[in-house]
Amino acid sequence: MKRLGVLILAGLLVLLAACGSDNGNGDGAGKLEALKESGTVTVGFANEAPYAYEDNGELKGAAVDIAQAVFEELGIENMDSQLADFSQLIPGVQAGQFDVVTAGMAIQPARCENALFAEPEMQYGEGLVVPAGNPNDIHSYKDIADNPDLTVVVMEGATEIGFLLDEGVSEDQITTASDIPSTFSAVQAGRADATTGTEMTVRMALESFDSDDLEFVESFEQPDIEGVPSYGAAAFSLDNEELRDAYNEVLAELKEDGTVAELLEANGFNGETNFVADGEVTTEQVCNGEE
């Protein structure tokens, strides 16, 4: 019995040692070193210009360029980009499909429960697209809420769904589509009366859509609710705190030396109004609902 007890104890010690060691998959504390060793980081993104989008097979956008600059400073030269629906980005990083999500994703308290956000890289407001001539005279989310006959289509998983609900729009007035061009097509075909998304996204996407049937509402009134303006950041798995912290350290340096502002401007953003200085607004504040 004594010998059996010793053997069981030894087995338990081996098992505990194995559980506490880096098993080669780069999880937890070993993730950063594993990425440095491989030289490649797997990035999840959604097709949403100018944050992150695919152009002739190449990943581009402000969030992409910022992430690229950070990872290069960390010694990770290659970004293996994987396109996904916006609503699948956080589940993908949770499941280990992606090492990081870089899509200008807005930090939100609910999202903070499922992913580790880096510090804000950018801030932005909302935009509205309607049929040409704005036949329903829509200038705010409240205008949609006040007319139950109106419908609005939004990209799946986007923050605007929550914003609309906060402004009194009912659930049965809201439909979803897989991406921004699909929301435009829905409005163009008369299946919805409006679509909304972040201002830069819908403005630039509408230019690419190149249709006289739709227009951007220049007089749109920004909703006075929590979450507007939104603060976009890279997102990591909850168990990759070391990688997130290393990312933040380099990001702060790139903000300080002007690199982040330059990359924002290169992608059509305003280097001042869309820029978030280090410490000006923190992820902790946004996750706690303080911003």
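Residues numbered from 1 in each chain as written. Predicted model: local features only at pLDDT ≥ 70, side-chain atom pairs only at ≥ 80, totals over all residues. Heavy atoms only, no water.

J.: I'd like to hear about the sheet that holds strand 8 (residues 126–131), residue by residue, with values.
T.: Strand order in this open sheet of 5 strands is 10-9-11-8-12, and the pairing throughout is mixed. The sheet is open, and its two edges are formed by strand 10 (174–177) and strand 12 (214–216), each paired on a single side. The mean angle between the axes of side-by-side strands here comes to 30 degrees, regardless of whether they run parallel or antiparallel. Both strand 8 and strand 12 contribute to a ladder of 3 bridges, which runs antiparallel. Bridged to V130 within strand 12 is E215. Across the sheet, helix 8 (residues 180–188) touches strand 8, strand 9 (152–155), strand 10, strand 11 (194–198) and strand 12, and the angle it forms with strand 9 is around 165 degrees. (Pairing = 2+ DSSP bridges. Helix = DSSP H or I, 4+ residues; strand = E, 2+ residues; numbered from the N terminus. Axes fitted to C-alpha atoms, helices over the stretch in contact; angles between N-to-C directions. Contact = heavy atoms within 4.5 Å.)

J.: Report on the layout of surface pockets, specifying residues and quantitative values.
T.: Estimated volume of the largest pocket: approximately 200 Å³. In this structure, the largest pocket is lined by N47, E48, A49, Y53, I180, P181, T201, M204, A205 and S208. Of all elements in the fold, only helix 8 and helix 9 (199–209) reach the threshold of two or more residues within the lining of the largest pocket. Examining the composition of the lining of the largest pocket, we find that 4 residues originate from one element, helix 9, more than from any other. A per-class count over the lining of the largest pocket returns 6 nonpolar, 3 polar and 1 charged. Here the second largest pocket is characterised by a volume of approximately 170 Å³. Around the second largest pocket, the lining comprises 14 residues; the ones closest to its centre are Q108, P109, F163, E226 and G227. Elements supplying a minimum of two residues to the lining of the second largest pocket: helix 7 (160–166) and strand 13 (230–232). If one sorts the elements of the lining of the second largest pocket by residue count, helix 7 sits on top with 3 residues. (1 Å grid on protein atoms, 1.4 Å probe; cavity = no way out; pocket = protein on both sides within 12 Å on 5 of 7 lines; lining within 4 Å. Points joined across faces, edges and corners; volume = space filled by probe spheres on them. Nonpolar A, V, L, I, M, F, W, Y, C, P; charged D, E, K, R; others polar.)

J.: So what's going on with the environment of N136? Which residues, and what values?
T.: As for its placement among the helices and strands, N136 is situated in the loop between strand 8 and helix 6 (141–145). When the C-alpha atoms of N136 and L150 are compared, they prove to be 8.3 Å apart, with 14 residues separating the residues in sequence. With residues near it in sequence (within four places) discarded, N136 still touches L150 and D193.

J.: An account of empty space enclosed by the protein is requested, with residue identities and associated values reported.
T.: Counted by the stated rule, this structure contains 1 cavity of 30 Å³ or more. Here the largest cavity defines a volume of roughly 130 Å³. E48, F86, T159, E160 and T198 are, among the 18 residues lining the largest cavity, the residues nearest its centre. Mapped by element, the contributors of at least two residues to the lining of the largest cavity are strand 9 and strand 11.

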